[in-house]
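As a plain string of letters, each chain reads:
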Amino acid sequence: YWTGNSCIELASNRVFERAEDSLKTPQEVEIKMLTADLEMKEEEMRGRFLSTDSGVCMIDDDEMEEYHAWEMEQMMDMSAEYEVYKMVLVINKSHQLSPGQMTMLVGRATGHMLAKVTMLEFGDEQLDMWEACGEQVGVLEGEHTRHLLDLRLAAQCLGLEWVEGGQGWDMLNRRYREVAVLGIWGEENILDKVVGRLEKAV
């Protein structure tokens, strides 16, 4: 599971590189232990930069930059050992949605995606990893409905999860005639193959 079920050699190397005592540790316990360790280290870093007497932040620009660099390093260390999961929401910019409409669509698609992931065999573990990595969500722009459908097809071919929302439900073909938002979920490195060239939504 931790090596993506993609290579026997990677899986066996992971087993041999681990301490013997850790082999019996369930995956969900490993995730919770890792998250707790990161949170403890983060609190220690914060303690270096905050005044415990006055409660006033004493961080200057250099120290703040050092803190953010440390956070990024922790994220990179974590992603090197475990799969990093991410959610992306692609908005159909041809619909020229208002901020209110976009907020409603994004919220609804996010809820549907989280519900769908929860039902997967390893959905809870994926959500735990997603939360541990900062609950990454990207909101990007697609050109039109055809473009979003092409992205959906690419996501399906790569084994990614997807949801969509739109207008004009076609009961015969069981799809929206106009797709307003497409949500995609999966491992970050695979997800980027589908949406890596898209621009962020304004």
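The structure this text deals with has already been given above.
Model, not experiment: these values are computed from the prediction.

Engineer: Any chance you could break down the overall build of the chain for me, citing the residues and the numbers?
Structural biologist: Helix and strand counts for the chain come out as seven helices and four strands. Secondary structure of the chain in N-to-C order comes out as α-α-α-β-α-α-β-α-β-β-α. Going through the 202 residues of the chain one by one, you find that 34% of them count as buried. Counting contacts in the chain only where the partners sit at least 6 residues apart, residues at least 24 apart contribute 70% of the total. Working note: accessible area of the chain is about 12,800 Å², and carbon and sulfur atoms make up 53% of it.

Engineer: With reference to specific residues and values, describe the pairing of strand 1 (residues 85-92).
Structural biologist: Within strand 1, eight of the eight residues are buried, which leaves the element mostly enclosed by the surrounding structure. Of the two faces of strand 1, the one lined by Y85, M87, L89 and I91 and the one lined by K86, V88, V90 and N92 are each fully buried. Bridge count for strand 1 against strand 4 (residues 175-187) is seven bridges, and the pairing is antiparallel. The residue of strand 4 that forms the bridge with Y85 is E187. With six bridges joining them, strand 1 and strand 2 (residues 137-142) adopt parallel strand pairing.

Engineer: Describe the nonpolar core, and please don't skip the residues or the numbers.
Structural biologist: Counting residues in hydrophobic clusters, the biggest one holds 19 residues, and the most contacted among them are M87, L89, M113, W130, V181 and W185. Broken down by secondary-structure element, the contributors of at least two residues to this core are strand 1, helix 4 (99-118), helix 5 (123-132) and strand 4. At five residues, helix 4 tops the list of elements feeding residues into this core. Residues within four places of W185 in sequence aside, it is in contact with Y85, K86, M87, M113, V117, Q126, L127, W130, L160, E161 and L191. Formed by 15 residues, the second largest nonpolar core is a distinct cluster that contains V90, L151, V179 and V194.

Engineer: Give a description of the packing of aromatic side chains that names residues and reports values.
Structural biologist: Scanning the entire structure with this criterion turns up two aromatic pairs. Considering the side-chain rings of Y85 and W185, the 6.0 Å spacing of their centres and the 15 degrees angle between planes classify their relative orientation as stacked. One end of the pair, Y85, is in strand 1; the other, W185, is in strand 4, with 100 residues separating them in the sequence. The exposure classification of Y85 matches that of W185, with both residues buried. Plain terms: the ring middles of W130 and W185 are 5.5 Å apart, the flat faces sit at 70 degrees to each other, and that makes the pair edge-to-face. Placement of W130 in helix 5 and of W185 in strand 4 is noted, with a sequence separation of 55 residues between them.

Engineer: Go over the packing of helix 4 against helix 5 with me, naming the residues and quoting the values.
Structural biologist: For the pair helix 4 and helix 5, the least separation of the axes is 7 Å and the interaxial angle reads 130 degrees. Overall, the two elements helix 4 and helix 5 adopt an arrangement that is oblique. Every residue of helix 5 that contacts helix 4 at L114, V117 and T118 is listed here: G123, D124, Q126, L127 and W130.

Engineer: Break down the pattern of salt bridges for me, citing the residues and quoting the values.
Structural biologist: Per the counting criterion, the structure on display carries four salt bridges. For the salt bridge of K93 with E143, the shortest nitrogen-to-oxygen distance reads 3.3 Å. In this pair, K93 sits in the loop between strand 1 and helix 4 while E143 sits in the loop between strand 2 and helix 6 (145-157), placing the two residues 50 residues apart along the sequence. A residue is classified by how much of its surface remains accessible, and K93, at 38% relative accessible area, is partly exposed.

Definitions and cut-offs
- Residues numbered from 1 in each chain as written.
- Predicted model: local features only at pLDDT ≥ 70, side-chain atom pairs only at ≥ 80, totals over all residues.
- Heavy atoms only, no water.
- Helix = DSSP H or I, 4+ residues; strand = E, 2+ residues; numbered from the N terminus.
- Buried < 20%, exposed > 50% of the residue type's maximum accessible area, 1.4 Å probe, protein only.
- Contact = heavy atoms within 4.5 Å.
- Areas by Shrake-Rupley, 256 points an atom, 1.4 Å probe, with all protein chains shown as cover.
- Pairing = 2+ DSSP bridges.
- Core = buried A, V, L, I, M, F, W, Y, C linked by side-chain atoms within 4.5 Å.
- Phe/Tyr/Trp six-rings, centres within 6.5 Å; stacked < 30°, edge-to-face > 60°.
- Axes fitted to C-alpha atoms, helices over the stretch in contact; angles between N-to-C directions.
- Parallel < 35°, antiparallel > 145°, perpendicular 65-115°, else oblique.
- Salt bridge = Lys/Arg side-chain N within 4 Å of Asp/Glu carboxyl O.

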